[in-house]
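The residues making up each chain are set out below.
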Amino acid sequence: MRKYLPVVLSLIVIAVTGYLVVNKKKENHSAVTENRVSVKSVGTFSPQRSCARPPQFLKQLNIAQPVVIDLSQKRFKGIALLYGKQFQKALHPKTWEQYGYFGTYTVDKTGNIYLVPMPFISIFPTTFNLQKNIYKLESKTGKLSLFMHFDDVIPNANNPYGVEAIVYDCEDDTLWIAAIDESDYQRQKGVIYHIDLRSKQVLQRVEGFDALSLQLLRSSQGKYLLAGSARESALYAFSLSKGILNEVPEKLLTLPNATEHIRKIKVKGKNRLELQSIPFSYALIAQTGHRDRTYYNAVWNEKQQQWKIKKQ
Amino acid sequence: MKRENKVAVGILVIGILVLAGYWFMPQSSEVTQTEKPSIPVEERVILPQYEKSIYQNIPEVQNYLADIRKMIQKGQAILPLQRSELDSNAQKVQVLLLADPEFTKDTKQGEKLLHNDMMRILPAIISSLGEKSRNICQSHTCYQAEKYNFVTNTTTRAIVDTDTLKVLSVERYSGMQPDISLRLTHIAQAIALNAPEVKKELGFTPARKDITMANVRGTMKESPCENTSHLCVAPTFSDHQKEQALWAVVDLTELKLAAAKWAGLGKTATPACIGERSLQNRYIMKHFCQKDSFLEKNGWKITYRLTGSDGLEIRNVTFRGHKVLTSAKIVDWHVSYQQKGGENLDTSTETYIEGRRVEFVKGEDGNYLFGYNDAMGCPLFSTSVVLAFNGPQVRELKNGDGFMLTQDFRNPKWPMACNYRYENRFEFYNDGSFRVVGVNKGRGCGDNAIYRPVMRIDMAVDEKENFYSYDGEWKLWEKEGSEKVQRSFLSNSVSETSEADRYAYKIVSAKDASRGYYIEPNHGQFNDNSRGDNATLFVTRFKSKEGDKDLLTLGSCCDLSDDGVERYIEEKEDIADDHPVIWYVPRIRNDAREGHEYCWADTVIGEDGNLHVKVWPCTVGPKFVPVGKR
């Protein structure tokens with residue numbers, strides 16, 4: 001009987017090895033499958049202290065904080081700063097109306113406010129040209145001026161939108177800007193620009209994404225540029241490495257209502273985003289009031305690797 | 001080496017080779033995926049083509065409406081659940097809650113009862129309980145009950161201790177919809193099964209067994225209708241072989257099919273993607289904004305499309321082979337409101353009402369005018385604020401003497417104040433006549449509005465045409481110009497032929513004056529309750545940039561001496577034997593006086609306890625009648 005021991009042993013070795021190989025392969029396969037359907041994670045994150053400072057001219061005018069930037073276009077055209085008890089006082093020089101209506105803004109570390117335009121209710125002869133620019137409200141003087149003009153932004157009757165979203169990067173003193181003018185019903189041809197504030201030079205130009213809102217996020221996995229899509233009710237993330245944007249975004253989450261598009265993104269707490277949405281259809285906007293917006297809390301559950309989205 | 005050892009080595013070598021082969025062999029599922037890639041299903045949208053009245057003949061709907069009417073007549077506002085949906089405890093809870101003042105508090109508006117449905121009564125779910133209720137319900141039996149208020153779009157949830165028959169809590173959720181009752185589920189299924197659009201799409205008459213009811217509201221999620229003030233559900237017909245499903249969005253507030261959509265069975269077919277409004281928008285964009293459509297009926301051939309800001313445009317229209325129109329459309333609606341107190345008006349800064357910039361113009365007698373310019377057009381990628389709903393429709397005329405092509409444009413929030421609804425309509429008659437019609441359905445910001453639709457009509461009678469007006473005799477317009485369309489000369493021109501009596505203008509071929517069209521302004525003679533056009537007419541020389549393509553808003557909303565077209569006639573160019581274009585700008589004053597409403601809409605609570613929109617349209621526009629018989 002002993003003489004068959006090598007044969008028996010070799011069979012046992014092959015059987016055990018076979019068992020391990022089959023199981024290992026199944027494991028690998030299921031891992032691949034799971035990876036395919038798993039939700040994209042940007043890691044854990046917390047609110048970062050902003051470097052933005054209030055405009056210096058407020059001090060000269062003896063206007064104390066808190067001050068609210070009003071771009072609702074309901075009481076004031078352009079920009080107005082609301083302050084005082086229940087924000088009933090308003091600072092709104094006539095010159096702040098000269099560039100039409102503004103959609104959103106960002107503030108830099110010295111208190112300059114950068115504004116992007118918005119077409120509103122009716123088209124005037126100046127409307128399309130105004131959508132090609134970024135505007136700057138000077139921190140020291142409160143003077144509103146044209147900061148930068150984009151020749152390649154060309155709004156038209158089928159898409160009156162131009163420059164649409166903006167966010168300031170405290171780390172390298174740059175602006176991230178999105179324009180959506182080139183898109184039409186079939187094609188998404190929006191552009192994200194990375195702009196050096198001092199030289200006004202375009203550092204990077206990423207094509208093919210319509211962003212209605214932008215926000216920077218630093219997480220356990222690195223730095224990201226978050227973008228609310230103008231075409232769908234979804235939030236995307238572009239990873240950022242050494243100031244260079246990865247041109248392929250990852251979809252993070254989708255809101256429950258298909259007509260709502262994310263207009264503002266705020267990091268409100270540990271793993272918590274506040275998303276403000278508006279109905280957006282690349283047609284003219286008539287309503288900009290508070291009741292026309294919807295607010296969502298999007299909380300990232302690291303354990304379950306999923307977003308929980310709840311209307312506020 | 002011994003023989004046994006050789007065999008063992010052989011087994012090891014062969015075994016290792018087999019395992020290596022297995023390791024590098026692709027998994028079966030991956031092979032399947034490679035061989036049979038999933039085919040993306042084209043998402044196709046179907047909009048309802050029938051009035052909601054067709055659903056009121058369905059027995060389930062008839063009985064439901066009759067029960068609601070009986071209930072309101074009895075002075076009750078909550079339609080109870082049927083006994084078959086309730087266990088014995090739930091029956092007690094229903095009786096208790098129907099008499100509970102807190103639970104029924106929101107069922108009246110003034111003296112009017114508001115339609116509510118009890119939706120479900122079931123043992124309380126732990127996550128629905130507050131702290132106080134949770135403590136009690138640990139030792140007692142508790143039930144939760146939910147009702148839905150169809151008028152205020154509010155869900156009320158009560159927690160009841162059935163051991164002591166006490167109401168522990170009542171909470172209201174505004175803008176939220178609950179899970180629906182079994183009765184409403186059956187009604188939704190019946191509507192989906194009876195919808196002609198669904199039968200046509202499926203290619204057979206479906207049965208109840210073919211439906212799966214979409215789990216669209218696990219607890220109180222958003223309704224799939226994007227008109228979220230309505231209660232909507234989405235019964236689904238799945239075709240597993242083709243890996244697609246037909247989603248029928250049923251509006252239970254209106255009791256009708258709201259829209260339907262073919263979609264894949266994958267994860268993309270979530271209820272969030274099938275909202276009524278987004279379905280409509282996609283359908284309208286694909287079929288009417290991205291391409292021309294073609295209609296051939298009763299001898300007429302019409303190309304039509306929706307524009308970015310000039311409403312519904314018809315182009316290249318022929319009747320029995322003869323060219324009639326190159327283009328006709330309404331490019332703009334000027335909306336102005338007249339107010340007293342103009343002497344104190346400060347126009348140094350801009351004013352906004354409901355988020356809209358308001359233009360002010362000082363008038364005479366201390367009056368002033370303010371208002372907006374409204375562009376109508378495609379719902380996506382356009383410069384419009386009054387957007388196309390439902391796509392163009394073809395309907396027979398009341399008298400049976402022709403048909404109309406019509407398009408509905410609305411502010412999404414109509415009929416709320418400061419929201420508008422317009423209809424662009426083209427009527428085509430069997431005798432070769434046609435009429436360009438603008439219909440205003442209110443409601444606007446007040447009862448003192450003046451509406452001015454700007455109509456552009458480019459005829460195609462011949463390459464060279466002449467335009468005439470009639471003031472006792474036909475007078476050729478040599479140059480561009482404008483005039484108020486008067487009525488007085490018509491009744492005075494008794495010596496003229498009856499034909500010339502009726503028509504204020506004509507446009508004819510420069511070569512052959514017997515070929516062309518008379519223009520019959522509307523003075524209220526078309527039996528549509530119109531109070532007349534009171535129009536200004538302009539004739540300009542054709543220029544491509546003057547409206548042949550999409551025109552952005554034109555002129556002032558509120559300066560009544562400026563219709564916008566004046567800028568095209570400043571140079572008074574020659575138009576005789578040329579290519580004249582007609583611009584026709586009616587002027588309508590709205591009326592909100594009870595019994596005299598005109599260009600007005602109102603929302604009222606009806607005898608059935610539900611909201612009903614009442615519309616008093618005003619209809620304007622000239623008729624074009626062929627000079628010679630075709």
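Residues numbered from 1 in each chain as written. Chains lettered and ligands numbered in written order. Predicted model: local features only at pLDDT ≥ 70, side-chain atom pairs only at ≥ 80, totals over all residues. Heavy atoms only, no water.

Peer 1: Can you break down the overall build of chain A residue by residue, with the values?
Peer 2: Helix and strand content of chain A: three helices and 20 strands. Here the C-alpha radius of gyration of chain A, 25 Å, is well above what a compact globule of 312 residues would show, namely 20 Å. Projected onto the principal axes, the alpha-carbon positions of chain A cover approximately 105 × 45 × 40 Å. Buried residues in chain A amount to 53% of all 312 residues. Only carbon and sulfur atoms are counted for the fraction: they give 53% of the accessible area of chain A, which is about 15,300 Å². Distance between charge centroids for chain A: 8 Å, based on 43 positive and 26 negative side chains. (Helix = DSSP H or I, 4+ residues; strand = E, 2+ residues; numbered from the N terminus. Rg over C-alpha atoms; globule rule 2.2 N^0.38 Å. Buried < 20%, exposed > 50% of the residue type's maximum accessible area, 1.4 Å probe, protein only. Areas by Shrake-Rupley, 256 points an atom, 1.4 Å probe, with all protein chains shown as cover. Lys, Arg positive; Asp, Glu negative; His and termini not counted. Charge placed at Lys NZ, Arg CZ, Asp CG, Glu CD.)

Peer 1: Give a detailed account of the overall build of chain B, specifying residues and quantitative values.
Peer 2: The secondary structure content of chain B amounts to eleven helices and 38 strands. The buried share of chain B, taken over its 630 residues, is 54%. Considering only intrachain contacts with a sequence separation of at least 6, the fraction spanning at least 24 residues in chain B is 64%. When the accessible surface of chain B is totalled, it reaches about 28,500 Å², and 49% of it is carbon and sulfur. (Contact = heavy atoms within 4.5 Å.)

Peer 1: I'd like to hear about the sheet that holds strand E7 (residues 154-161) of chain B, residue by residue, with values.
Peer 2: Residues and elements named next belong to chain B. In space, the five strands of this open sheet follow the order E2-E5-E6-E7-E8, with mixed pairing throughout. Each edge of the open sheet is held by one strand with a lone partner, namely strand E2 (78-79) and strand E8 (166-174). Looking at chain direction, strand E6 (residues 142-149) and E7 are connected through eight bridges and run antiparallel. Pairing of Cys 142 across the sheet is with Asp 161, part of E7. (Pairing = 2+ DSSP bridges.)

Peer 1: Let's hear about the state of the cysteines: which residues, and what values?
Peer 2: All names here are of chain B. Summed over all chains, the structure comprises four disulfides over all chains. Residue pairing for Cys 289: its cysteine sulfur links by disulfide to Cys 378, the two sulfurs lying 2.2 Å apart. Where Cys 289 bonds to Cys 378 through sulfur, the torsion about that S-S bond is close to -115°, and the disulfide is left-handed. Within this pair, whereas Cys 289 is found in helix H8 (residues 276-289), its partner Cys 378 is found in the loop between strand E21 (376-377) and strand E22 (386-396), the two being separated by 89 residues in sequence. One disulfide bridge connects Cys 599 with Cys 618, the sulfur atoms lying 1.9 Å from each other. (Disulfide = S-S within 2.5 Å.)

Peer 1: Let's hear about the packing of aromatic side chains: which residues, and what values?
Peer 2: Residues and elements named next belong to chain A. Applying the stated criterion across every chain, the model contains 31 aromatic pairs over all chains. Pairing Tyr 161 with Phe 280 gives two aromatic rings, centres 4.9 Å apart and planes at 65°, and the pair type is edge-to-face. Residue Tyr 161 is found in the loop between strand E7 (144-149) and strand E8 (163-169), and its partner Phe 280 is found in the loop between strand E18 (272-279) and strand E19 (294-301); the two are separated by 119 residues along the sequence. The exposure class of Tyr 161 is buried, given its relative accessible area of 0%. (Phe/Tyr/Trp six-rings, centres within 6.5 Å; stacked < 30°, edge-to-face > 60°.)

Peer 1: If you had to explain the pattern of salt bridges to someone new, which residues and values would you point to?
Peer 2: Residues and elements named next belong to chain B. In the structure shown here, the tally under the stated rule is 48 salt bridges over all chains. Residue Glu 423 pairs with Lys 441 through a salt bridge whose shortest N-O separation is 3.0 Å. Pair noted here: Glu 423 is in strand E24 (residues 420-429) and Lys 441 is in strand E25 (residues 434-443), with a separation of 18 residues, a long-range link. The burial state of Glu 423 is the same as that of Lys 441; both residues are buried. Look at the salt bridges and you will find they share partners, linking Glu 102, Lys 105, Asp 106, Lys 147 and Arg 172 into a network. (Salt bridge = Lys/Arg side-chain N within 4 Å of Asp/Glu carboxyl O.)

Peer 1: Just give me the short version of the confidence of the model for chain A, but keep the residues and values in it.
Peer 2: The share of residues in chain A with pLDDT of 70 or more is 93%, and the mean pLDDT across the chain is 88. A low-confidence stretch, residues 29-38 of chain A (pLDDT under 50), is modelled with five contacts involving residues beyond four sequence positions or located in other chains. (pLDDT = per-residue confidence, 0-100.)

Peer 1: Give me the sheet that holds strand E6 (residues 133-137) of chain A: which residues, what numbers.
Peer 2: Residues and elements named next belong to chain A. Taken in spatial order, the four strands line up as E4-E5-E6-E7 in an open sheet, and their pairing is antiparallel. Each having just a single partner strand, strand E4 (102-107) and E7 make up the two edges of the open sheet. For this sheet, the mean angle separating the axes of adjacent strands, direction not counted, is 30°. Looking at chain direction, E4 and strand E5 (residues 113-117) are connected through five bridges and run antiparallel. (Axes fitted to C-alpha atoms, helices over the stretch in contact; angles between N-to-C directions.)

Peer 1: Break down the environment of Gln 48 of chain A for me, citing the residues and quoting the values.
Peer 2: With respect to the secondary-structure elements, Gln 48 of chain A resides in the loop between helix H1 (5-37) and helix H2 (57-60). Sequence spacing of Gln 48 of chain A and Pro 155 of chain A is 107 residues, and the spatial spacing of their C-alpha atoms is 35 Å.

Peer 1: Just give me the short version of the pairing of strand E33 (residues 580-585) of chain B, but keep the residues and values in it.
Peer 2: Residue and element names in this part refer to chain B. Burial of E33 is extensive: six of the six residues sit out of reach of the surface. The sheet contact formed by strand E26 (residues 449-459) and E33 spans three bridges and is antiparallel. Residue pairing across strands places Met 455 opposite Tyr 584, the latter belonging to E33. Alignment of strand E32 (residues 536-541) against E33, held across six bridges, turns out to be antiparallel. Note that in E33 the partner of Thr 540 across the bridge is Val 581.

Peer 1: Quick rundown of helix H6 (residues 182-194) of chain B? Include the residues and the values.
Peer 2: Residues and elements named next belong to chain B. The end-to-end C-alpha distance of H6, which contains 13 residues, comes to 18 Å, matching closely the 18 Å that a straight helix rising 1.5 Å per residue would cover. For H6, a buried count of ten out of 13 residues is recorded, marking the element as mostly surrounded by other parts of the structure. When we look at burial in H6, the residues that qualify are Arg 183, Leu 184, Thr 185, Ile 187, Ala 188, Gln 189, Ala 190, Ile 191, Ala 192 and Leu 193. (Expected span 1.5 Å × (residues − 1).)

Peer 1: Provide a residue-level description of the packing of helix H3 (residues 59-73) of chain B against H6 of chain B, including the pertinent values.
Peer 2: Residue and element names in this part refer to chain B. At their nearest, the axes of H3 and H6 sit 9 Å apart, and the two run at 135° to each other. Between H3 and H6, the interaxial angle falls into the category oblique. Between H3 and H6, the contacting residues are Glu 60, Val 61, Asn 63, Tyr 64 and Asp 67 on the first element and Arg 183, Leu 184, Ile 187, Ala 190 and Ile 191 on the second. Tallied by class, residues from the contact of H3 with H6 come to six nonpolar, one polar and three charged. (Parallel < 35°, antiparallel > 145°, perpendicular 65-115°, else oblique. Nonpolar A, V, L, I, M, F, W, Y, C, P; charged D, E, K, R; others polar.)

Peer 1: Hey, could you go over the environment of Pro 155 of chain A for me, with residue numbers and the actual values?
Peer 2: Residues and elements named next belong to chain A. You can see Pro 155 is positioned in the loop between E7 and E8. Separated by 24 residues in sequence, Pro 155 and Ala 179 have C-alpha atoms that sit 9.7 Å apart. Here Pro 155 is in contact with Phe 128, Gln 131, Lys 132, Pro 160, Tyr 161, Gly 162 and Asp 181, once residues within four sequence places are set aside.

Peer 1: Break down the environment of Glu 313 of chain B for me, with residues and values.
Peer 2: Residue and element names in this part refer to chain B. Relative to the assigned elements, Glu 313 resides in strand E16 (residues 312-319). Measuring from C-alpha to C-alpha, the distance between Glu 313 and Ser 327 comes to 6.8 Å, with 14 residues separating the pair along the chain. The residues touching Glu 313, leaving out its near neighbours within four places in the chain, are Thr 303, Tyr 304, Arg 305, Thr 307, Ser 327, Ala 328, Lys 329 and Asp 548.

Peer 1: Which residues make up the side chain of Glu 465 of chain B, and what values go with them?
Peer 2: Residues and elements named next belong to chain B. Within the element layout of this structure, Glu 465 appears in strand E27 (residues 465-470). The buried charged residue Glu 465 lacks any salt bridge, with Arg 515 as its nearest oppositely charged partner at 8.3 Å. At 3.3 Å, the side chain of Glu 465 and the backbone nitrogen of Asp 462 are in polar contact. Sequence-distant contacts of Glu 465, defined by excluding residues within four places in its chain, comprise Met 459, Ala 460, Ile 507, Val 508, Ser 509, Ala 510, Ile 575, Ala 576, Asp 577, Asp 578, His 579 and Pro 580. (Polar contact = N/O pair within 3.5 Å; in protein donor to acceptor, adjacent residues only side chain to side chain.)

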